[in-house]
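Overview (structure and organization)
Next come the chains, spelled out residue by residue.
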Amino acid sequence: MAEDMIICENLVKIYKTKDLEVLALQGLELTIEKGELMAIIGNSGSGKSTFLNMIGGLDRPSAGRLIVDGKDLSKLTEQELVLYKRNTVGFVWQNNARNLVPYLNAWQNVTLPMYFEGEKKKKERALELLEIVGMSHKKNSRLTQLSGGEQQRIAIAIALANNPKILLADEPTGSVDSKTGSFILDVFRELNKNLGLTIVIVTHDRALAKKVNRVVAIRDGKTSSEMLIKQDYADRLDSIGMFEDAHDEFAILDKAGRVQLPRELLEKMGLEGNKVQLELQDGKIVISAPQK
């Protein structure tokens, strides 16, 4: 049995201001196994980045349970949360300005997280990490001397500097072209395969999401569907690449028996209002628009 690294139960997140209340997550249910490489997709405002920030310890749940590496994040003190962020998670942001200090070169950027650990031989370790992400030849380059893809690979090395158990990436390919984005996804695949890292990637790019074994779609703050790699393709992604029909998609049934239907399917039904008819036909549940 695989060990669960992240357990999310009925997770709710509410953002409040003086005049506004936003429900970002509405009872999210999700489990991520140790050593899994998976992607979370969803439209803007679906709650995917909010979820990633909570795994990263940057935000706390309003309700529900979020267990990461055996720790209930809602019960951690501020000091315990600092240690959690330092020892458990590494973060790769879409905006490289959040990843890199512009007046430092590549290897100096990678050593920054190590100062908090008092790690010896920081430069040697930084060079090892740059080698892992294929950037050792740019070790002395600064931000302005690097392309977007090169900056992002160095950002991955920085995220690995504290030897995290979980690597979180928020739209890591959002600011690069599709070819570079595909290469960055290959870097994540190699890290997952060689280091056994649990990697969670938030992306809006469904094509790139096809390069992972499992894709979870979040709609309106809930887990709406999951796409799992077909067994026929599972061992071929490394050698051949992406496939248009590599995944089977499944709707998610929550603990109350509720299922969220994709809006595009409802539109194709020509549904008016919020009522549907349900029928059991030959062991299948058939959903149709009410007869007028």
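As a starting point, this report considers the structure included with it. (Residues numbered from 1 in each chain as written. Predicted model: local features only at pLDDT ≥ 70, side-chain atom pairs only at ≥ 80, totals over all residues. Heavy atoms only, no water.)

Regarding the overall build of the chain
The number of helices and strands found in the chain is 10 helices and 13 strands. In the chain, which comprises 292 residues, the share counted as buried stands at 45%. In the chain, of all internal contacts separated by at least 6 residues, the share reaching a separation of at least 24 is 63%. Here the chain displays about 16,200 Å² of accessible surface, and carbon together with sulfur accounts for 49% of that area. (Helix = DSSP H or I, 4+ residues; strand = E, 2+ residues; numbered from the N terminus. Buried < 20%, exposed > 50% of the residue type's maximum accessible area, 1.4 Å probe, protein only. Contact = heavy atoms within 4.5 Å. Areas by Shrake-Rupley, 256 points an atom, 1.4 Å probe, with all protein chains shown as cover.)

Thoughts on the nonpolar core
Counting 39 residues, the largest nonpolar core has Val110, Ile154, Ile156 and Leu167 as its most contacted members. Mapped by element, the contributors of at least two residues to this core are strand 3 (37-41), helix 3 (106-111), helix 4 (122-132), helix 5 (148-160), strand 7 (166-170), helix 6 (178-195), strand 8 (198-202) and strand 9 (214-219). The element best represented in this core is helix 5, accounting for seven residues. The contact partners of Ile154, leaving out residues within four places of it in the chain, are Leu100, Ala106, Val110, Leu130, Met135 and Leu146. Counting 29 residues, the second largest nonpolar core, distinct from the first, contains Leu30, Met54, Leu81 and Val216. (Core = buried A, V, L, I, M, F, W, Y, C linked by side-chain atoms within 4.5 Å.)

Examining helix 4
Taken residue by residue, helix 4 has Arg125, Ala126, Leu129 and Leu130 as its buried positions. All buried residues of helix 4 project into a common sector of 140° when viewed along the axis, lining one side. Gly134 lies just past helix 4 and shows a positive phi near 70°. (Arc of directions from axis to C-beta.)

Points about the packing of aromatic side chains
The full count for this structure, using the stated rule, is one aromatic pair. Taking the centre distance of 4.2 Å and the plane angle of 5° together, the rings of Phe91 and Trp93 count as stacked. Residue Phe91 is classed as buried on the basis of its relative accessible area of 15%. A relative accessible area of 12% places Trp93 in the buried class. (Phe/Tyr/Trp six-rings, centres within 6.5 Å; stacked < 30°, edge-to-face > 60°.)

Description of the side chain of Asn105
Along the chain, the position of Asn105 falls in the loop between strand 6 (89-92) and helix 3. A distance of 3.3 Å separates a polar atom in the side chain of Asn105 from the backbone nitrogen of Trp107. With sequence-adjacent residues up to four places away left out, Asn105 is seen in contact with Lys139, Asn140, Ser141 and Arg142. (Polar contact = N/O pair within 3.5 Å; in protein donor to acceptor, adjacent residues only side chain to side chain.)

What about the pattern of salt bridges?
Counted according to the given criterion, the structure contains nine salt bridges. Close ionic contact of Arg60 with Glu78 constitutes a salt bridge, the shortest N to O distance being 3.3 Å. Separated by 18 residues along the polypeptide, Arg60 in the loop between helix 1 (48-55) and strand 4 (63-68) and Glu78 in helix 2 (residues 78-87) bring together distant segments of the chain. Residue Arg60 is classed as partly exposed on the basis of its relative accessible area of 23%. Looking at Glu78, the relative accessible area reads 55%, which means it is exposed. Across the pair Asp69 and Lys165 runs a salt bridge whose closest N-O atoms are separated by 2.8 Å. With Asp69 in the loop between strand 4 and strand 5 (71-72) and Lys165 in the loop between helix 5 and strand 7, this pair connects stretches of sequence that are 96 residues apart. Classification of Lys165 as partly exposed rests on a relative accessible area of 41%. It is possible to trace a salt-bridge network through shared partners that takes in Asp69, Lys71 and Lys165. (Salt bridge = Lys/Arg side-chain N within 4 Å of Asp/Glu carboxyl O.)

Topic: the pairing of strand 12 (residues 277-281)
Summarising the sheet, strand 12 and strand 13 (residues 284-288) pair through five bridges and their orientation is antiparallel. Each bridged residue has a counterpart across the sheet, and for Gln281 the counterpart in strand 13 is Lys284. Two successive antiparallel strands, strand 12 and strand 13, enclose a turn made up of two residues, where Asp282 displays a positive phi of approximately 50°. (Pairing = 2+ DSSP bridges.)

So, the sheet that holds strand 2 (residues 21-33)
The four strands are arranged 2-1-4-5 in an open sheet whose pairing can be described as antiparallel. Taken across any chain shown, the strands that pair with only one partner, and hence form the sheet edges, are strand 2 and strand 5. Note: strand 1 (residues 4-16) against strand 4, five bridges, orientation antiparallel. Bridge assignment links Ile7 to a residue of strand 4, and that residue is Ile67. Packing against the sheet, helix 1 makes contact with strand 1, strand 2 and strand 4, and its axis sits at approximately 120° to strand 1. (Axes fitted to C-alpha atoms, helices over the stretch in contact; angles between N-to-C directions.)

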